[in-house]
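Chain by chain, the residues:
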Amino acid sequence: MAFPGRFADQLLADRLDGVSLSFLADTLEIRPGGVGANVALGLARLGLSPVLAAAAGRDFAPYGKRLREEGVETGHVRVSDSLHTARFVCTTDTEQNQIATFYTGAMAEARHIRLTEVSACHGPFGMALVGPDDPRAMVRHTEACVRLGIPFAADPSQQLARLDRSQARTLVTGSRFLFTNAYEAALLRERTGWTRDQVLRRTGAWIVTRGADGVDVNRAGLPPLHVAAVAPDGPAEPTGVGDGLRAGFLAATTWGLPPRDAARLGCALATVVLESVGPQQYVLDPEDLARRLRDTYGPAAARRVAPWLARLGAAGPPATPDGRPPATGTPRGTALPALPDGLVPWAAGAGPLAAGGAA
């Protein structure tokens, strides 16, 4: 939903302990999403073959069909017999600030997904992204990665607030990559009880996103690597921007590109997502992506990614018969779900990918 004003104008500094507000939104759009599905779809549009491992509700069938049509394997999505798929209900103001509520629904069943079985069908995996999910599932997936020797990336995201100290430390320790935004970085330190240096000693690289200020790649014993954001032609809505960055970063890593180039591709894809309404409604045009890299980071940066982008065709949601993108929203009574956050493993090189998680 879109609120035609500023949240900040509605909040009273001396009344924050008793907030009771209602924001009159002038638009409502129902979009498919979910962290795992968003990242998996981004990977598919970048030419990879993701496998989504997550828990969804009995209303998942139309969403699953669409994901499969775009190249995402959904055979390891656990479908609940009794619960609806998780939903993320978000209101955005005119300054792109957001207030949201997340309904967990079938996400609680993600703890029953066994990475051992997913790996037996599609592995061996070169990497697994453990995304925000049922906390027990996140810990279970992380421990399975350690046990199976699968390198993993940690993306606790919105679930940081629900994690206790032991869970937060388990998710970080031994990770190849750790993803947070700037606010979550502070919350992660509070949840783990570790300093920045202590966190860096337990992960290969800590990627901290900073919105319009770009992204920092932090590694133990090395100076921070800062990558500027790609300026949007016209920002539309920020939902899913971080998922686009993760998809771009992980795809570039899979291609064997160094962290700086991976962060640059992530920033470029994040901006493409930012310019569309909804986390999956963007069209990924390889020539446009190359132009953004060239204009922001220079010709050499674009050339290093060019061989991979050259393999792609334009990818995005199916068009209507007249060639236009599909209309916003869904038929009355139909709400395409968000998918619960969870696990995103992928294999380096030409091997399969697995993405698990939800909104």
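The structure reproduced in this document is the subject of the present report. The residue numbering used here restarts from 1 in each chain and proceeds along that chain's sequence as written. Local features in a predicted model are, by the rule used here, given only for residues with pLDDT of at least 70; side-chain atom pairs are given and counted only at 80 or more, and totals for whole chains, interfaces and linings are based on all residues. Computation of side-chain values covers all heavy atoms of the structure but excludes hydrogens and water.

## Focus: the overall build of the protein chain
Phase 1: Helix and strand definitions here come from DSSP, where helices need a minimum of 4 consecutive H or I residues and strands a minimum of 2 consecutive E residues; each element is numbered from the N-terminal end. The helix and strand tally for the protein chain stands at 11 helices and 11 strands.
Phase 2: Taking all 359 residues of the protein chain together, 52% fall into the buried category.
Phase 3: Pairs at least 24 residues apart make up 67% of the contacts formed inside the protein chain by residues separated by at least 6 positions.
Phase 4: Areas reported as accessible are Shrake-Rupley estimates using a 1.4 Å probe. Residue values count occlusion only from the protein chains shown. Counting only carbon and sulfur atoms, one obtains 53% of the accessible surface of the protein chain, whose full area is about 15800 Å². Only protein chains enter the calculation, and the probe is 1.4 Å; a residue is then buried if its accessible area is under 20% of its type maximum, exposed if over 50%, and partly exposed in between. Only heavy atoms matter for contacts: two residues are in contact if any of them lie within 4.5 Å across the pair.

## Things to note about helix α5 (residues 165-172)
Phase 1: For α5, every residue scored as buried is listed here: Gln167, Ala168, Leu171 and Val172. For α5, the angular spread of the buried residues around the axis is 130°, confining them to a single face.
Phase 2: Its buried side turned inward, α5 meets α4 (135-148), β6 (152-154), β7 (175-181), α6 (182-192), α7 (196-200) and β8 (203-209).
Phase 3: Definition of a polar contact: a pair of N or O atoms within 3.5 Å, with one able to donate and the other able to accept a hydrogen when the atoms are protein atoms, and with sequence-neighbouring residues admitted only if both atoms are side-chain atoms. Looking at where α5 begins, the residue whose side-chain oxygen comes 3.2 Å from the main-chain nitrogen of Ser166 is Asp164.
Phase 4: The first or second residue beyond α5 is Gly174, which carries a positive phi of 85°. Note: the arc covers the axis-to-C-beta directions of the helix.

## Thoughts on the nonpolar core
Phase 1: Of all hydrophobic cores here, the largest spans 45 residues; its most connected members are Phe179 and Trp255.
Phase 2: For this core, the element with the most residues is helix α9 (residues 259-274), which contributes 9 residues.
Phase 3: Residues contacting Trp255, with those up to four places away along its chain left out, are Leu46, Leu48, Leu265, Val305, Trp308 and Leu309.
Phase 4: Counting residues in hydrophobic clusters, the runner-up holds 17 residues, among them Val172, Ala185, Trp194 and Val208. Put simply, buried Ala, Val, Leu, Ile, Met, Phe, Trp, Tyr and Cys residues joined by side-chain atoms within 4.5 Å make one nonpolar core.

## Some thoughts on unusual backbone geometry
Phase 1: Of note in the backbone geometry, Gln96 takes a positive phi value of approximately 65° without being a glycine.
Phase 2: Here Gln96 lies in the loop between β3 (87-92) and β4 (98-103).
Phase 3: With relative accessibility at 31%, the residue Gln96 sits in the partly exposed group.
Phase 4: One non-glycine residue with positive phi stands out, namely Ser157, at about 45°.
Phase 5: With respect to the secondary-structure elements, Ser157 resides in the loop between β6 and α5.
Phase 6: For Ser157, a relative accessible area of 11% translates into the label buried.

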